[in-house]
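Spelled out from the first residue to the last, the chains are:
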Amino acid sequence: MIKIAVIGTGYVGLVSGACFAEFGWNVTCIDKNSERIESLKKGIMPIYEPGLESVVIKNTLAGRLSFSVDYAPHVDNADIVFIAVGTPSRRGDGYADLTYVYQAASEIARHLKGYTVIVDKSTVPVGTARNVYQIIRKENPEADFDVASNPEFLREGSAIDDFMRPDRVVLGVEGKRAEEMLRELYRPLYLLETPMVITGLETAELIKYASNAFLAVKISFINEIANLCERTGADVKDVSRGMGLDRRIGPKFLHAGPGYGGSCFPKDVNALVKIFHDNGMTGRILEAVINVNNSQKSLMIGKIRNALGGSEYGKTVAFLGLTFKPETDDMRESPSLTIIPALVNGGAYVRAADPAGIKEAEKLMPGEVRYFSDPYEAAAGADALVLLTEWNQYRALDFRKLAEVMNGRVFLDLRNVYSPAVVKAEGFTYYSVGR
Ligand SMILES: NC(=O)c1ccc[n+]([C@@H]2O[C@H](COP(=O)([O-])OP(=O)(O)OC[C@H]3O[C@@H](n4cnc5c(N)ncnc54)[C@H](O)[C@@H]3O)[C@@H](O)[C@H]2O)c1
């Protein structure tokens, strides 16, 4: 029975820990945030992630999953220790902030007993696994351990499924002993014939950044094409479909919208640009991707302003969706955090609804927005309604009812969910991205 300790109980640590327990392994999830651990012990999830609660409760009751604020005795007894702490952008310069990773590494070092594999699951710059090795070696010269890199590709909103049925598992390892232990850990996935990509440490670290950056490239690319569609009378939805059916291109991440956000793409693209710099190179494509994404958010502000007749001053704007994508409560780097404050500064009254993000949004935009759980309540009295995040709840809005409660008849579909004809039939002016 493999014993695992996972450091960090965020979106990645908690989902990984719960799923490893579901594989049958013995897992302790450790976090320095005692509030998080206390609520997890009571079966209360600290994040919104569909399906997570039932996996956590099932495995806790089965005795395979437990939670602790203490590294001891769990790290001491573990065969494998995962580092799954946050690696946010460092304030001011865009480098990945590795403070939490290195803190976790030195604390792990003090508890190692017997052979242990320490695995970076956090997204970290090239060279971090070797630094983690040095930190542990210095802190505990006697320790018997290897360091490996196992980047995580799960998506918030479908994290459990992504973890249980990944497209691939990437393992950066040096030495047979660590490789064998990690292969055994992921053995339950062999049944599903999940491809294993076994590489060196640097390669595994770079695969993660290159993957996220490539998806960000696709998004900025289609957003730029969408803007060209608006000038030329083309329809970006049909352009995406026409492109995506080509199997060399693929249909995913070709949806025009208000720009990418979230806890990963913005910080990871920035961090990869810094990795280029540190190696005497310029990540030219990525710098363009960042510029396009920033200007896409500004374009959305202009689009809303124009739809309101040239100024938002004194107007009421209602937003549906605040999180960076549906099925998560994660507000990190959400386009809403750029678009809404800009309109508030311009004198707009903002009302907003979101199925899971209001609690986080209230912390980040206190006082300037009125929040509602019901979309029609949010829309009441609004001069314009903006669909910002394509939650399922907002995919079949009753435009007749909206027309009754709203002051204006302006609908901005920033996710291209609706057929323009359906919206226009109810007397609304319809705006989209690239159609
Ligand atoms: N969120 C995603 O969708 C996703 C997907 C793939 C990869 N990643 C990467 O995974 C990593 C974690 O992301 P996340 O979104 O789960 O982060 P998160 O911010 O949700 O959670 C991090 C947790 O680590 C805890 N922590 C920090 N330092 C600690 C320490 N020294 N000891 C114990 N606990 C500590 C924090 O209290 C927090 O609960 C990041 O590198 C991220 O880039 C995230």
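Preceding this section is the structure that the text describes.
Residues numbered from 1 in each chain as written. Predicted model: local features only at pLDDT ≥ 70, side-chain atom pairs only at ≥ 80, totals over all residues. Heavy atoms only, no water.

A few points about unusual backbone geometry
Of note, the bond from Ala72 into Pro73 is cis; its omega dihedral lies within 30 degrees of zero at 0°. Phi at Glu327 takes a positive value of approximately 65°, unusual for a residue other than glycine. Residues other than glycine seldom take positive phi values, yet Glu333 does so here, at roughly 60°. Within the element layout of this structure, Glu333 appears in the loop between strand 9 (316–320) and helix 14 (336–345). (Helix = DSSP H or I, 4+ residues; strand = E, 2+ residues; numbered from the N terminus.)

Quick word on the site of the ligand
Around the ligand there are 27 residues in total, and Asp31, Tyr71, Thr87, Glu156 and Lys267 lie nearest to it. One of the backbone N or O atoms of Lys32 is found 3.4 Å from a nitrogen atom in the ligand. For the ligand, the accessible surface in isolation is 850 Å², of which the surrounding protein chains cover 90%. Listing elements by their share of the shell around the ligand, those giving two or more residues are helix 1 (11–23) and helix 5 (99–109). In terms of residue class, the shell around the ligand is made up of 10 nonpolar, 9 polar and 8 charged. (Near = heavy atom within 4 Å. Polar contact = N/O pair within 3.5 Å; in protein donor to acceptor, adjacent residues only side chain to side chain. Areas by Shrake-Rupley, 256 points an atom, 1.4 Å probe, with all protein chains shown as cover. Nonpolar A, V, L, I, M, F, W, Y, C, P; charged D, E, K, R; others polar.)

A short note on the packing of helix 10 (residues 201–232) against helix 11 (residues 236–244)
A pair of packed helices is characterised by two quantities: the angle between their axes and the separation of those axes. Look at helix 10 against helix 11: their axes get within 9 Å of each other, and the N-to-C directions meet at 135°. It follows that helix 10 is oblique to helix 11 by the angle criterion. Along this stretch, helix 10 crosses helix 11, giving a crossing that reads as right-handed. Residues Phe221, Ile222, Ile225, Ala226 and Cys229 of helix 10 form the contact with helix 11, whose participating residues are Val236, Val239, Ser240 and Met243. Grouping the constituent residues of the contact of helix 10 with helix 11 by class yields 8 nonpolar, 1 polar and no charged. (Axes fitted to C-alpha atoms, helices over the stretch in contact; angles between N-to-C directions. Parallel < 35°, antiparallel > 145°, perpendicular 65-115°, else oblique. Left-handed = near helix turned anticlockwise from the far one by under 90°. Contact = heavy atoms within 4.5 Å.)

Focus on the sheet that holds strand 9
Spatially, 11-10-9-12-13-14 is the arrangement adopted by the 6 strands of the open sheet, whose pairing is parallel. Since the sheet does not close on itself, it has two edges, and those belong to strand 11 (369–372) and strand 14 (429–431), each with one partner. The mean inter-strand angle of the sheet, taken between neighbouring strand axes irrespective of direction, is 20°. Where strand 12 (residues 384–387) lies against strand 13 (residues 410–413), 4 bridges are found, and the strand directions are parallel. Paired with Leu385 across the two strands is Phe411, which belongs to strand 13. (Pairing = 2+ DSSP bridges.)

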